[in-house]
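Residues per chain are reported as follows:
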Amino acid sequence: MRPDGFIAIGEDMDDRTLLMDESAMTIYAELDEWNIYVARSFRAFLEIVLAYATMVDAALKIVGRNAAVNNKIPDNLIHRFLEKCCEVDDRAVSEGSFWALEVARLMSHRED
């Protein structure tokens, strides 16, 4: 059940609803009984999504069309994405945040 004062703005690849807190304009991903931090503002969210898309696009050119799906994004692109996140909203990549979990996912199931 979505709390009052939150607007659904989309979903992530795991079908978690992305929510914006109307009063603080902070973005969260909805989980069963709690929300996970995504970004401090809608603008920060858009900047981070653009950085993520740029990372994936660059990986597609280097690795091929299934780069993100197969967790084959080169480390230098992931680090560039993390740097951009820190510039925009360093809390967005803090431990347990939405983007920290996404980066961990990208780096966890790699084949040598």
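Provided above is the structure to which this section pertains.
Here's what I pulled together on the structure shown here. Just so it is clear, the model here is predicted, and its values are computed rather than measured.

**As for the overall build of the protein chain**
When helices and strands are tallied, the protein chain shows three helices and four strands. Secondary structure of the protein chain in N-to-C order comes out as β-β-β-β-α-α-α. Over its C-alpha trace the protein chain gives a radius of gyration of 14 Å, about what one expects of a compact globule, namely 13 Å for 112 residues. Referenced to the eigenvectors of the C-alpha coordinate spread, the extents of the protein chain come out at roughly 45 × 25 × 25 Å. The buried share of the protein chain, taken over its 112 residues, is 39%. With an accessible surface of roughly 7000 Å², the protein chain has 51% of that area assigned to carbon and sulfur atoms.

**Comments concerning the pairing of strand 3 (residues 27-30)**
Here strand 3 shows a buried face lined by Ile 27 and Ala 29 and a second buried face lined by Tyr 28 and Glu 30. A loop of five residues connects strand 2 (residues 17-21) with strand 3, the two strands running antiparallel in sequence, and Met 25 in this loop sits at a positive phi of about 60 degrees.

**So, the packing of aromatic side chains**
Taken as a whole, this structure holds seven aromatic pairs when the rule is applied. Sitting over the face of the ring of Tyr 37, Arg 91 holds its NZ or CZ atom 3.7 Å from the ring centroid.

**Topic: helix 2 (residues 75-89)**
Its 15 residues place the ends of helix 2 21 Å apart at the C-alpha level, agreeing with the 21 Å of an ideal helix rising 1.5 Å per residue. Along helix 2, the positions that sit buried rather than exposed are Leu 77, Ile 78, Phe 81, Cys 85, Val 88 and Asp 89. Buried residues of helix 2, viewed axially, fall in a sector of 100 degrees; they line one side. Exposed residues on helix 2 whose side chains face more than 90 degrees from its buried face are Glu 83 and Glu 87. Buried positions along helix 2 lie against strand 4 (35-39), helix 1 (42-63) and helix 3 (98-108).

**Details of the pattern of salt bridges**
A complete count under the given rule lists six salt bridges for this structure. Ionic pairing is found between Arg 16 and Asp 12, a salt bridge with its closest N-O pair at 2.5 Å. Look at Asp 12 and you get buried, because its relative accessible area is 11%. For Arg 16, the salt bridge goes to Asp 14, with nearest N and O atoms at 3.7 Å. Taking the relative accessible area as the measure of exposure, Asp 14 reaches 49% and is therefore partly exposed.

**Considerations on a nonpolar patch on the surface**
A cluster of nonpolar side chains, namely Ile 7, Ile 9, Met 25, Phe 42 and Leu 46, defines an oily patch on the protein surface of about 380 Å² accessible area. For the nonpolar patch, the secondary structure elements donating two or more residues are strand 1 (6-11) and helix 1. Tracing the backbone shows Ile 7 in strand 1. Residue classification places Ile 7 among the partly exposed residues on the basis of a relative accessible area of 34%.

Procedures and definitions
- Once a new chain begins, its residue numbering starts again from 1 and follows that chain's sequence as written.
- Owing to the predicted nature of the model, reporting of local features is limited to residues with pLDDT of at least 70; listing and counting of side-chain atom pairs is limited to 80 or more, with chain, interface and lining totals taken over all residues.
- By convention in this description, side-chain values take in all heavy atoms of the structure and omit both hydrogens and water.
- Starting at the N terminus, helices and strands are each numbered in turn, a helix being any DSSP run of H or I of at least four residues and a strand any DSSP run of E of at least two.
- Only C-alpha atoms enter the radius of gyration, while the globule expectation follows 2.2 Å times N to the 0.38, with N the number of residues.
- Relative accessible area decides the class of each residue, using a 1.4 Å probe on protein chains only: under 20% of the type maximum gives buried, over 50% gives exposed, and in between gives partly exposed.
- Residue burial considers only the protein chains on display, and all accessible areas are found by Shrake-Rupley using a 1.4 Å probe.
- Strand pairing is assigned whenever DSSP identifies at least 2 bridges connecting the two strands.
- Between the rings of Phe, Tyr and Trp (Trp by its six-membered ring), a pair exists once the centres lie within 6.5 Å; its type follows the angle of the planes, with under 30 degrees stacked, over 60 edge-to-face, and the other angles tilted.
- Charge-over-ring placement is defined geometrically: NZ (Lys) or CZ (Arg) within 6 Å of the ring centre, and within 35 degrees of the ring normal.
- What a helix should span is 1.5 Å times the count of its residues minus one.
- The arc in question is the one spanned by the directions pointing from the helix axis to the C-beta atoms.
- We call two residues in contact when some of their heavy atoms are within 4.5 Å.
- For this analysis, a salt bridge means a side-chain nitrogen from Lys or Arg found within 4 Å of a carboxyl oxygen belonging to Asp or Glu.
- Patches draw on residues past 30% relative accessible area with no salt bridge. Two like charges within 9 Å are joined, as are two nonpolar side chains (Val, Leu, Ile, Met, Phe, Trp, Tyr) within 5 Å.

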